[in-house]
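Here are the chains, one letter per residue:
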Amino acid sequence: ISFELEGEDSITLLQYGLTDRLSIGVRIPCYWRKNKVNARLDTTFATVGKNPFINSLAPLPVPGTVPLTTNDAQNLIGRGLDINGDGVIDIRGMGFKPVQTWSGKGLSDIEIGAKYQYLKTNHWRLAFTGGIRLPTGEVDDPDNLVDVELGKGAYALLFYLNHDYIGFKNLILNTTFIYDLVLPHSEVLRIPENVNQPITPYKDHVERNVGDAIELETSGTYEVLNGFSISLLYRYYYKLKDIVSGNRGLTYESLESETRTTQHVGMASLCYSTFPLFQAKKFPFPMTASVSYRNRFAGTNLLKTQYLSLSLAVYF
């Protein structure tokens, strides 16, 4: 099986200043995701196949036994396997949807909040943001092994501390501390016997408390030319362990294993802004365009990933 993930993000930010220090706003993200999947069964070293004469799986040396096909493998984890082709399921499946290319789009989790700038001097800009994340995005389908969730399925209280230092010419230094307090919720999940064996027939409506997340981000942005800037960013992320419980006596602890995560991320960006031209009445509206390289170079219980991104923001 090979995967190639594609995606596009469209984020609408609405902000309104109640005073010169206090503003309220809402963040409305819409995501498009596509998971290109290439799946096939390699039977080069297979020792077991299907035998329509005995209507069962059997060792390949047994006369009449043939190797399983890719479609047979899909059926074994899906609707079940009909060995002799009589329309009757001989081996019960696990109810998963076919492992094939998937795409989805829709609204993600909306965030609503307020920001208060409690200190403003010649060199410092300090602010606090408090908000709530609403579970408006579609969660992971427990019957689909290749889909991508658009939302987390849980309410969360959001806390930000923003610190800007502007004491150097053309340079802004920022440090941001973020805490996400995720509230408990209920969800339908597959319950594997082991965290490393996700293919399971067991499914239950569980109580889930996703671990809170702590994030520390520091960055520097330098204006090279009028409208052009470069920035470097480092982000450290730590998420507490998930807590999952249910009433069927299943191995719920398998959904808690390896959910405590850390990550170290670096990002370099080149940005162009029309704000100077807009202020000089030489451009009709303010906008920014940027290209970024992002690298998650270390962490635990997460994959190391890197990508290039292009972004365009238009302000009204």
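Before reading on, note that the structure itself is shown above.
Let me sum up the structure you'll find in this document. (Residues numbered from 1 in each chain as written. Predicted model: local features only at pLDDT ≥ 70, side-chain atom pairs only at ≥ 80, totals over all residues. Heavy atoms only, no water.)

**Some remarks on the overall build of the protein**
- Secondary structure summary: the protein contains two helices and 19 strands in total.
- The C-alpha radius of gyration computed for the protein amounts to 26 Å, which surpasses the reference 20 Å derived for 316 residues by more than 25%, pointing to a less compact arrangement than a globule.
- Seen through its C-alpha atoms, the protein measures out along the principal axes to roughly 85 × 40 × 30 Å.
- Expressed as a percentage of its 316 residues, the buried residues of the protein come to 31%.
- Residue pairs at least 24 apart in sequence account for 56% of intrachain contacts in the protein once pairs closer than 6 positions are excluded.
- Surface exposure of the protein reaches about 19400 Å², of which carbon and sulfur atoms provide 58%. (Helix = DSSP H or I, 4+ residues; strand = E, 2+ residues; numbered from the N terminus. Rg over C-alpha atoms; globule rule 2.2 N^0.38 Å. Buried < 20%, exposed > 50% of the residue type's maximum accessible area, 1.4 Å probe, protein only. Contact = heavy atoms within 4.5 Å. Areas by Shrake-Rupley, 256 points an atom, 1.4 Å probe, with all protein chains shown as cover.)

**Remarks on the packing of aromatic side chains**
- A complete count under the given rule lists five aromatic pairs for this structure.
- Clustering of aromatic rings is evident, with ring pairs tying together Trp124, Tyr165 and Phe168.
- Positioned above the aromatic ring of Tyr31 is the side chain of Arg33, whose terminal nitrogen or guanidinium carbon lies 4.7 Å from the ring centre.
- Cation over ring: Arg190 sits above Phe96, and NZ or CZ is 3.9 Å from the ring centre. (Phe/Tyr/Trp six-rings, centres within 6.5 Å; stacked < 30°, edge-to-face > 60°. Lys NZ or Arg CZ within 6 Å of the ring centre and 35° of its normal.)

**Quick notes on the layout of surface pockets**
- Within this model, the second largest pocket holds a volume of roughly 150 Å³.
- For the second largest pocket, the full set of lining residues is Ile1, Ala39, Arg40, Leu41, Thr70, Ala73, Gln74, Ile77 and Val99.
- Residues of the lining of the second largest pocket, tallied by class, amount to six nonpolar, two polar and one charged. (1 Å grid on protein atoms, 1.4 Å probe; cavity = no way out; pocket = protein on both sides within 12 Å on 5 of 7 lines; lining within 4 Å. Points joined across faces, edges and corners; volume = space filled by probe spheres on them. Nonpolar A, V, L, I, M, F, W, Y, C, P; charged D, E, K, R; others polar.)

**Some points on unusual backbone geometry**
- Backbone geometry places Lys281, a non-glycine residue, at a positive phi of 60°.
- Mapped onto the elements, Lys281 comes out in the loop between α2 (275-279) and β18 (287-300).
- Among the residues examined, Lys281 registers a relative accessible area of 78% and is labelled exposed.
- Positioned with a positive phi, Asn301 is a non-glycine residue whose angle comes to about 60°.
- The residue Asn301 is located in the loop between β18 and β19 (305-314) in this model.
- A residue is classified by how much of its surface remains accessible, and Asn301, at 40% relative accessible area, is partly exposed.

**Section: a nonpolar patch on the surface**
- A surface patch of nonpolar side chains, about 1000 Å² in accessible area, is lined by Tyr116, Tyr118, Leu119, Trp124, Phe128, Phe159, Leu161, Phe177, Leu216, Tyr234, Tyr236 and Phe297.
- For the nonpolar patch, the elements supplying multiple residues, two or more each, are β8 (110-120), β9 (124-134), β10 (156-168) and β15 (228-239).
- By residue number, the principal contributor to the nonpolar patch is β8, which donates three residues.
- Topologically, Leu161 is positioned in strand β10. (Patch = residues over 30% accessible without salt bridge, like charges linked within 9 Å, V, L, I, M, F, W, Y side chains within 5 Å. Salt bridge = Lys/Arg side-chain N within 4 Å of Asp/Glu carboxyl O.)

**Some details on helix α1 (residues 70-77)**
- Residues Asp72, Gln74, Asn75 and Ile77 constitute the buried set of α1.
- Looking at the buried side of α1, the elements it contacts are β3 (48-51) and β5 (80-81).

**A closer look at the pairing of strand β13 (residues 203-209)**
- Pairing between strand β12 (residues 185-190) and β13: six bridges, direction antiparallel. The residue of β13 that forms the bridge with Val188 is His205.
- Relative to strand β16 (residues 243-245), β13 is paired through three bridges, and the arrangement is antiparallel. Each residue of the ladder has a partner; that of Arg208, found in β16, is Val244. (Pairing = 2+ DSSP bridges.)

**Looking at the side chain of Asp242**
- As for its placement among the helices and strands, Asp242 is situated in the loop between β15 and β16.
- Residue Asp242 is classed as buried on the basis of its relative accessible area of 5%.
- In terms of polar contacts, Asp242 uses its side chain to reach the backbone amide nitrogen of Gly211, at 2.9 Å.
- Of the polar contacts made by the side chain of Asp242, one reaches the side chain of Lys239; its length is 2.6 Å.
- Discounting residues that sit within four places of it in the chain, Asp242 has contacts with Arg208, Asn209, Val210, Gly211, Leu255, Glu256 and Thr259. (Polar contact = N/O pair within 3.5 Å; in protein donor to acceptor, adjacent residues only side chain to side chain.)

Purely spatial values, then, with no claim about function.
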